[in-house]
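Observations on chain architecture
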Amino acid sequence: PELCAQMAAQQQPLRLDRSSAALGVAAVGGMLAQGLLFTTVPGSSGVRPTTVHPQPSLRGSGSINTASDSRSATASVSAVTAVTAISGALIAAAASSRPARKGSASFSKLLRPTAVRPNAAALRATVTADTQPAVSMPAGVRLSGTALAAALKMQCDASGADYAIYWVNVDGQLVVGRHFTAAGKDDGFAKASVSIKVPSDGCTGPESTVYHLGQPICIQDACAYDLLKRKDLAVKHGVKSICFAPCGGGVLEYGTSSAAWIETPPSCPIMPKDEIRTAFEDLGASYVIFWQPLDGQYCAVADYASEAWVKELRASRGDDKTFNSESRGIKLNANGNGPVSETANLGISVRVPISEALTLKRKDLAQEYGLKSLHLIPVEGGVLECGITDQKIKGLTLNAALKMRCDSAGACYAIYWTETDGMFSVSGAYVTPDRRRALRAKGLTTDFADASKYLTISAEGDAVVSTCARHGMPTFVADAPSTSTFCRQALAAEYGIESIVCKPVKGGVLEFGTSKGPETPTWTEMPPCPDLPKDEMKKALEDMGSAYVIFWQLRGDHYEVTADFATPDHERTIRDRYGEEDSFASVSRMFALPADGDGYIASAARSGKEFLVEDAMQDAKLGRQQLAQKFGIRQVHIVPCKDGVLEYGKATEIV
């Protein structure tokens, strides 16, 4: 009991050496005999549904952090289990006296330890030393796509880790969802971990313990930690120290083979996971940089550039340099008047057009790399910089984005506005078939979106499109025909347009809206609509040659298709073969897949793991193998996203 009290009173992560581990065993025995030991897991609330807001959320949050030193591994397994039970009890007691957390401890909350204080009044229940809490970690917000890739890379940057792994729960087994190895480091350990499965139930190792209890664990000497299933791999690849932490419904692991971490977890700034996701999925950023104040200066300690932008730069420049890599060596005066320091001082998000950035130290560099604007967000421990380039959405990706936005939001049209020489013009538009039919019934052969193609809008004016782009914030107009700042009032009235939304996206502004007819719903406020992962859609349609894209969302206790797109070539092939307009994507709308089932869609949503279905025509877990046979769908990718699951597949043959 005295040892437990001392541990609880420490103002730092818990560290256990050999002697304290042995004392821990004795303490557990004594507490069991006296009926003083207990283990519980704090309750948690779910994650709030995502809705569109005028600006990204800047709410901060705290966490409970603990860590244990691997030196206790030299004691017996029962000793380690006993000490884990004590730590779990203290963690739970501390959490029970704090406000409930919103979801699990996420990537943006796991690096800075806080004191753990027991709730003495709760020390009453009795358990045995091998008892494990039968409660799973809350699901949390899944990491996926570009946001996940950025999270892993930036974790290595900030902590000095050689690698990072994201573990997810698939059918009761923790498996590798994605991994990253820093440049120039041995990737053998991370790659070998892909074949490893760890039971998620119980606390049989550090992975399952963190998943189960929702609290971090740090191992200073991985090669001597008997409970690490990959101990032999750690020895083989020279891995020294490893940290495990709850992250987005899974477990984030990061480690080093360079030198053992004396301070566990390593001291480093908090990486703002939610804001990183906002940067790539909402703002259409090409890169992010985390600026940390150090000795009166802001330093770039972590960064990530999207694969598409890196590829484009390599093709145009002929080298591997990026704006990120050139910014890493630059230091900014924390007391200066530059955008980074001003964002930190004001405590609000700041959007800076490069052409107007008079105090930007890297202005020439920004122009060299084709940046249009910077979006800076104050976050805990520093400032997150998001770079917006002139990359535009094109081709099949644009067609899919427009059609699927109408599907998911219930809009009757969508327009993509891009800027050239200070003027916005329409680069793409889509009108739903229902809307076209309603217009034809009224004797109209064109739509509001068609008429808008002949207009240009000044980027410097006060039009809704212009201000949305300039401020980088979504804008909702409830009654377009009567809104003075909506410069197409007359057109909106002529074509019966009711409400519109403008959202900043990569390369411009996405506008979509409803009509006054029965073919669309009525919006009284900004409509909730999912963030469609456009980078993943581009990869599917343009890089991999997929025939279709489907977006699944949870509706009640089933997953249903809320947006879909089939390529014109695939639709033409189906028309020629069957003489019908249906496609694999459109017919999939008839399916409702159980959320608690073992199919790929539900499994991806629960676990956060991507799946590759090699033979969709035969794999029963897809749930639509006969449909795949009819439409010639062979290979299918399943990708979990923030608001649902993205599916895309190739058409190889029509049986």
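In the block above lies the structure referred to throughout.
What this report covers is the structure whose coordinates are included nearby. (Residues numbered from 1 in each chain as written. Predicted model: local features only at pLDDT ≥ 70, side-chain atom pairs only at ≥ 80, totals over all residues. Heavy atoms only, no water.)

Re the overall build of the chain
Stated formally: Each helix corresponds to a stretch of at least 4 residues labelled H or I by DSSP, and each strand to a stretch of at least 2 residues labelled E; elements are numbered beginning at the N terminus. The rule is simple: take the accessible area with a 1.4 Å probe, protein chains only, and divide by the maximum for that residue type; under 20% is buried, over 50% is exposed, in between is partly exposed. Contact definition: two residues touch when any of their heavy atoms are within 4.5 Å. Areas reported here follow the Shrake-Rupley algorithm with a probe of radius 1.4 Å; residue values treat only the protein chains shown as occluding.
For the chain, the helix and strand inventory stands at 22 helices and 24 strands. Residues classed as buried in the chain amount to 55% of the 655 residues present. Long-range pairs, those at least 24 residues apart, make up 65% of the contacts in the chain between residues at least 6 apart in sequence. As presented, the chain carries roughly 26600 Å² of accessible surface, and 51% of it is formed by carbon and sulfur atoms.

Let's talk about the sheet that holds strand E19 (residues 548–555)
How we decide: When DSSP locates at least two bridges between a pair of strands, those strands are taken to pair. Orientation is described by lines fitted to C-alpha atoms, with helices fitted over the stretch in contact, and by angles between N-to-C directions that extend from 0 to 180 degrees.
If you trace the six strands from one edge of the open sheet to the other, you get E21-E20-E19-E24-E23-E22, paired in antiparallel fashion. The outermost strands of the open sheet, each flanked by one partner alone, are strand E21 (593–594) and strand E22 (611–613). Its contacts with the sheet place helix H18 (residues 534–543) against E19, strand E20 (558–566), strand E23 (633–640) and strand E24 (645–651), and it is angled at close to 10° to E24. Lying on the sheet, helix H19 (residues 568–578) is in contact with E20, E23 and E24; it crosses E20 at an angle near 95°.

A word on the environment of Glu-342
Along the chain, Glu-342 turns up in helix H11 (residues 339–346). For Glu-342, a relative accessible area of 29% puts it in the partly exposed group. Distance in space between the C-alpha atoms of Glu-342 and Val-383 is 10.0 Å, their sequence separation being 41 residues. What Glu-342 contacts, discounting residues up to four positions off in sequence, is Gly-336 and Asn-337.

Here we look at the pairing of strand E13 (residues 413–420)
Buried residues dominate E13, accounting for six of its eight residues. Examined bridge by bridge, E13 and strand E14 (residues 423–431) share eight bridges and lie antiparallel to one another. In the sheet register, Trp-417 faces E14, and the bridge partner there is Val-426. Hairpin connection, E13 to E14: the antiparallel pair is bridged by two residues, and Asp-421 has positive phi, about 55°. With five bridges connecting them, E13 and strand E18 (residues 508–515) associate as antiparallel partners. Each residue of the ladder has a partner; that of Ala-414, found in E18, is Phe-512.

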